[in-house]
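Spelled out from the first residue to the last, the chains are:
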Amino acid sequence: MPRLEDLNPVQRAAVEATDGPVLILAGAGSGKTRVITHRIAYLVSRRKATPDEILAVTFTNKAAAEMKERAARLAATAEAPAWVSTFHAACARILRAEAPLLGFERNFSIIDEADSLALLRRLLEEARLPEAGHAEAVRARLEQAKNDGVSPEELAQGAVDPRQAQLAEIYRLYQQRLRAANAMDFADLLLMTCELFRARPEVLARWQARARYLLIDEFQDTNRSQYLLVKALSAQSGNLCAVGDEDQSIYRWRGADIRIILDFERDFLAARVFALEQNYRSSKMILAAAYAVIRNNRERKPKRLWTANSAGEPVRCFTGVTERDEANFIAREIERLVEAGLARPSEIVVFYRVNAQSRVLEEALSARRIPYVVVGGLRFYDHREVKELLAYLRAALNPRDVMSLGRALAAPPRGVGAKTLALAGRVAARDGLSPLEALAKLEGAAHVPLGAAREAAAFSRWMVGLGARAPAAPVQALIEEVVSRSGFLEYLDRQADGAARRRNLAELFSSAAAFDAEHGPGGLESFLERAALAADGRPPEETGGRVALMTLHTSKGLEYRAVFMAGMEEDLFPHARSAEEPTELEEERRLCYVGMTRARELLYLTKTLSRELYGQRSESSPSRFLAEIGDDLMVRLGAVPAARLRERPAAQTYVDYADGQLPQPVGGGLAVGSRVVHHSFGLGVVRRLEGRGENAKAWVSFDGRGLKLLMLKFAALRPVAD
DNA sequence: GTCGGGTACTTTTTT
DNA sequence: AGTACCCGAC
């Protein structure tokens with residue numbers, strides 16, 4: 001039985017408001033998860049709902065796991081836990097059950113971004129529609145359309161120029177191709193579920209009954225298609241509880257729409273709103289600094305967190321000469337905190353804006369023998385050798401999945417390449433077979449050498465057999481068979497970093513073993529689904545006494561005693577791509593706010609004078625967010641001798657120098673920050689200069705035209721007076 | 001047709 | 001630094 005006395009009055013009211021639309025505005029550190037888990041337990045204990053009539057949706061696997069665990073602990077009964085899952089996993093579950101209604105088979109594959117991109121590349125080439133744009137750009141736009149809940153037909157109807165019409169056509173072909181492969185991409189999981197609910201009211205009704213109490217976490221990060229889904233699911237019961245904080249909306253680039261939370265009260269006129277404004281996490285100083293940043297945003301509800309915690313220490317701002325200097329400071333300081341007993345390694349985190357920043361930090365920590373883990377970044381299931389091995393299993397399970405088929409056929413190479421596979425696809429379409437089956441029927445076909453045809457046939461028969469054994473076999477045994485029969489290990493050993501790849505394979509093997517132990521044999525389908533939806537091997541909270549390193553995006557929902565935020569520099573944070581557009585700048589600011597509010601007691605903001613990133617060194621200037629915090633909440637630290645600072649020319653142009661050397665101004669009158677004019681883009685500001693001589697390039701943000709990278713030898717940029 | 005090696009090119013954040 | 005694409009060799 002949940003103890004409501006453990007909650008403050010607003011939290012308690014939010015828990016007790018069980019029915020109808022409810023919006024819980026949960027500021028950072030305000031006990032959000034506590035409220036959600038109490039709410040679930042309360043619904044059950046009051047017999048408002050059985051656990052399996054509650055659907056709680058979160059954004060990440062991490063959050064889902066935590067909520068599930070805490071809710072189970074609260075309920076303290078043996079009852080089945082509520083259905084807690086991510087949006088994508090919930091949709092996958094619904095779609096597996098209803099796939100035939102949409103013209104898919106239940107064993108459909110879920111493809112990742114890399115597969116989606118590869119498919120699109122092939123499509124763009126075949127369809128001869130190069131004007132639609134570069135594959136990367138097309139993929140992003142298709143994803144956006146899907147996230148907005150727009151179908152190919154709707155996109156075609158809305159097209160006002162040939163370019164958009166072509167995009168719509170690509171969209172149509174892409175969907176057709178996916179359907180042929182019995183596959184969906186991430187965005188499809190949401191979109192197809194929406195479509196299903198729109199087209200089949202009786203199916204929707206079934207799921208509405210299955211989710212009589214709907215709870216959406218991180219509501220500020222929902223996109224249009226997620227919102228439509230939520231609205232449809234709750235339409236019957238009306239019991240929709242949205243929990244979020246617009247100040248922590250950081251996924252606009254992935255289709256999240258902050259207006260959804262801002263307009264909630266207009267959308268649901270009967271909505272009751274609870275604002276959790278007491279922060280239990282951070283010191284007064286940290287909260288004040290975070291507020292000093294976020295108050296500069298226009299697109300937010302006026303509100304301010306308060307805390308009964310102590311005043312605490314001021315924010316520390318360190319300036320290093322280079323990123324190595326910055327990293328060394330962080331490592332030294334972590335060492336000091338640990339030795340002084342101010343924090344244990346597991347209570348310390350280092351945040352950065354882009355993954356590329358982690359390398360130097362890792363080196364500095366290793367040098368001081370400080371144990372650390374990098375959370376996120378390249379996910380385990382994204383390693384090439386892991387994807388290759390899983391491709392065998394996916395192809396065996398879904399013989400129409402040509403993307404997995406191609407990947408498996410090439411690892412190790414068997415003399416059967418893209419052309420032969422394409423031919424198999426045509427044979428399959430002609431004879432009503434799956435592409436995998438068609439591979440066995442290529443002997444005698446034109447342009448297929450006999451050896452390749454036999455190889456393909458043997459492969460095909462093996463894989464068909466593997467697929468037949470899958471429903472009863474442990475995943476581990478299937479992997480074992482693939483490894484031994486394909487010569488996978490020998491193939492890995494022929495590669496440069498074979499040892500590391502072998503290790504990853506071993507890890508895959510043991511995670512399969514663990515999965516079998518939990519689920520019993522025949523779990524291949526759910527094993528693959530978990531891999532596709534990036535349920536990363538082990539839970540990241542198991543940092544085992546180590547300092548955590550992660551991007552600011554990954555930091556959401558976590559808290560640490562001591563927080564370091566590295567790279568507080570213009571063009572890195574806020575990122576250069578977001579500096580122009582006010583809405584994007586506001587998102588960067590929210591990201592900064594999210595990072596700062598992770599800290600309980602100590603907050604360090606660090607920056608450099610000069611940073612090398614992606615193999616280019618350039619001059620850096622302090623992030624505007626530092627100026628927003630101001631000096632009364634901050635203590636400045638710096639290893640930079642004042643004399644050296646004075647030596648630096650006032651308007652620094654670009655630099656290209658080895659670590660530790662002094663910057664040398666170069667460049668034909670162009671400087672970072674100077675205004676220039678371009679013959680077609682018009683007026684702009686130089687954001688960054690890189691390269692030398694022939695290769696000199698400039699990032700220039702043009703008024704209303706965005707950020708452009710220009711080769712100076714081609715683009716005549718003329719400086720203009722301010 | 002397939003495969004391996006060289007070169008050129010692009011870097012935000014992730015379910 | 002890592003990947004994608006191009007090219008020449010089999």
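Details of the structure are given in the entry above.
These numbers come from a predicted model, not from an experiment.

### Some points on unusual backbone geometry
Item 1. That bond from Ala411 to Pro412 is cis: its omega, 0°, falls within 30 degrees of zero.
Item 2. Topologically, Pro412 is positioned in the loop between helix H18 (402–409) and helix H19 (418–431).
Item 3. Of the consecutive residues Phe573 and Pro574, the connecting peptide bond is found in the cis state with omega at 5°.
Item 4. Residue Arg369 is not a glycine yet carries a positive backbone phi of 55°.
Item 5. When you line up the elements, Arg369 lands in the loop between helix H16 (358–367) and strand E13 (372–374).
Item 6. Notably, Asp571 is not glycine yet its phi reads approximately 75°, a positive angle.

### Concerning the protein's contact with DNA strand B
Item 1. Close to DNA strand B lie 27 residues, the nearest being Arg254, Arg353, Gly415, Gly417 and Thr420.
Item 2. A distance of 3.0 Å separates a phosphate oxygen of DNA strand B from a polar atom in the backbone of Asn355.
Item 3. The contact in question runs from a phosphate oxygen of DNA strand B to an N or O atom on the backbone of Lys419, over 3.3 Å.
Item 4. If one sorts the elements of the surface near DNA strand B by residue count, H19 sits on top with three residues.
Item 5. Here the residues of the surface near DNA strand B sort into nine nonpolar, eleven polar and seven charged.

### Focus on the environment of Glu202
Item 1. By the secondary structure assignment, Glu202 is in helix H10 (residues 201–210).
Item 2. For the pair Glu202 and Leu142, spaced 60 residues apart in the sequence, the C-alpha separation amounts to 29 Å.
Item 3. At a separation of 3.1 Å, a polar atom in the side chain of Glu202 contacts the side chain of Arg200.

### Focus: helix H25 (residues 524–532)
Item 1. Three or more residues of H25 are buried, namely Leu524, Phe527, Leu528, Glu529, Ala531 and Ala532.
Item 2. In this fold, the buried residues of H25 make contact with helix H4 (87–98), strand E4 (109–111), helix H9 (186–199), helix H17 (384–397), helix H22 (475–486) and helix H24 (498–519).

### Points about the pairing of strand E7 (residues 240–244)
Item 1. Most of E7 is tucked away, with five of its five residues classed as buried.
Item 2. Burial of the side chains of E7 extends over both faces: Leu240, Ala242 and Gly244 are buried on one face and Cys241 and Val243 on the other.
Item 3. Sheet analysis places strand E1 (residues 22–26) next to E7, joined by four bridges and oriented parallel. Bridge pairing in E7 links Leu25 to Gly244.
Item 4. Both strand E6 (residues 213–216) and E7 contribute to a ladder of three bridges, which runs parallel.

### A closer look at the sheet that holds strand E2 (residues 54–58)
Item 1. Spatially, six strands are ordered E3-E2-E6-E7-E1-E8 in an open sheet, and the strand pairing comes out parallel. Each end of this open sheet is capped by a strand with a single partner; those strands are strand E3 (83–86) and strand E8 (272–276). Taken over all neighbouring pairs, the strand axes of this sheet differ in orientation by 15° on average, direction set aside.
Item 2. Bridging between E2 and E3 involves four bridges; their strand directions are parallel. Residue pairing across strands places Leu55 opposite Trp83, the latter belonging to E3.

### Some points on the packing of H4 against H10
Item 1. Where H4 contacts H10, the axes come no closer than 12 Å and their chain directions differ by 135°. Regarding the angle of H4 to H10, the classification is oblique. Read as a crossing pair, H4 and H10 show a hand that is right-handed. Taken together, the residues of H10 that come into contact with H4 (itself represented by Arg93, Ile94, Ala97 and Glu98) are Val203, Arg206, Trp207 and Arg210.
Item 2. Residues belonging to the contact of H4 with H10 are distributed by class as follows: four nonpolar, no polar and four charged.

### As for the packing of aromatic side chains
Item 1. Applying the stated rule across the entire model yields 17 aromatic pairs.
Item 2. Judged by centre distance (5.3 Å) and plane angle (50°), the ring pair of Phe59 and Tyr251 falls under tilted. Taken together, the residues span a long stretch of sequence, with Phe59 in the loop between E2 and helix H3 (61–75) and Tyr251 in the loop between E7 and helix H12 (258–262) at a distance of 192 residues. Accessibility classification places Phe59 together with Tyr251 in one group, the buried group.
Item 3. Geometrically, the ring pair formed by Phe564 and Tyr604 is stacked, given 4.3 Å between the ring centres and 5° between the ring planes. Here Tyr604 lies in strand E16 (residues 599–608) and Phe564 lies in strand E15 (residues 560–566), a separation of 40 residues in the sequence.
Item 4. By the ring-pair criterion, three or more aromatic residues cluster together here, those being Tyr392, Phe459, Trp462, Phe488 and Tyr491.
Item 5. Just above the ring of Phe268 sits the side chain of Lys231; from NZ or CZ to the centre is 5.8 Å.
Item 6. A cation over a ring is seen here: Arg254 above Tyr251, with NZ or CZ 5.0 Å from the ring centre.

### Section: the packing of helix H1 (residues 9–16) against helix H2 (residues 32–45)
Item 1. In contact at an axis separation of 8 Å, H1 and H2 are set at 40° when each is read in the N-to-C sense. It follows from the interaxial angle that H1 and H2 lie oblique. The chirality of how H1 crosses H2 is right-handed. Across the interface between the two elements, Gln11, Ala14, Val15 and Glu16 of H1 pack against Arg34, Val35, His38, Arg39 and Tyr42 of H2.

### Quick look at the side chain of Arg353
Item 1. Tracing the sequence through the fold places Arg353 in the loop between strand E12 (348–352) and H16.
Item 2. For Arg353, a relative accessible area of 15% puts it in the buried group.
Item 3. A distance of 2.7 Å separates polar atoms of two side chains, one belonging to Arg353 and the other to Glu588.
Item 4. Among all residues touching Arg353, those that are not within four sequence positions of it are Thr551, Leu552, His553, Leu572, Phe573, His575, Glu588 and Leu591.

### Concerning the pairing of E12
Item 1. Buried residues dominate E12, accounting for five of its five residues.
Item 2. What you see with E12 is no split at all: Ile348, Val350 and Tyr352 on one side and Val349 and Phe351 on the other are buried throughout.
Item 3. In the sheet, E12 pairs with E15 via four bridges, with the strands oriented parallel. When the bridges of E15 are listed, Ile348 appears paired with Ala562.
Item 4. In terms of strand pairing, E12 meets strand E14 (residues 547–551) through four bridges, oriented parallel. When the bridges of E14 are listed, Tyr352 appears paired with Thr551.

### A few points about the sheet that holds strand E11 (residues 315–320)
Item 1. Taken together, the seven strands give an open sheet; going across it, the order is E13-E14-E12-E15-E16-E11-E19, and neighbouring strands pair in parallel fashion. Single-partner strands in this sheet number two, and they are E13 and strand E19 (634–638). Along the sheet, successive strands turn relative to each other by an average axial angle of 20°, direction set aside.
Item 2. Strands E11 and E16 of the sheet are contacted by helix H14 (residues 284–294), whose axis makes an angle of about 50° with E16.
Item 3. Together, E12, E15 and E16 form the strand contacts of helix H26 (residues 582–596), whose direction differs from that of E15 by roughly 145°.

Procedures and definitions
Residues numbered from 1 in each chain as written. Chains lettered and ligands numbered in written order. Predicted model: local features only at pLDDT ≥ 70, side-chain atom pairs only at ≥ 80, totals over all residues. Heavy atoms only, no water. Helix = DSSP H or I, 4+ residues; strand = E, 2+ residues; numbered from the N terminus. Near = heavy atom within 4 Å. Polar contact = N/O pair within 3.5 Å; in protein donor to acceptor, adjacent residues only side chain to side chain. Nonpolar A, V, L, I, M, F, W, Y, C, P; charged D, E, K, R; others polar. Buried < 20%, exposed > 50% of the residue type's maximum accessible area, 1.4 Å probe, protein only. Contact = heavy atoms within 4.5 Å. Pairing = 2+ DSSP bridges. Axes fitted to C-alpha atoms, helices over the stretch in contact; angles between N-to-C directions. Parallel < 35°, antiparallel > 145°, perpendicular 65-115°, else oblique. Left-handed = near helix turned anticlockwise from the far one by under 90°. Phe/Tyr/Trp six-rings, centres within 6.5 Å; stacked < 30°, edge-to-face > 60°. Lys NZ or Arg CZ within 6 Å of the ring centre and 35° of its normal.

Fair warning: the whole summary comes from geometry, so function is off the table for now.
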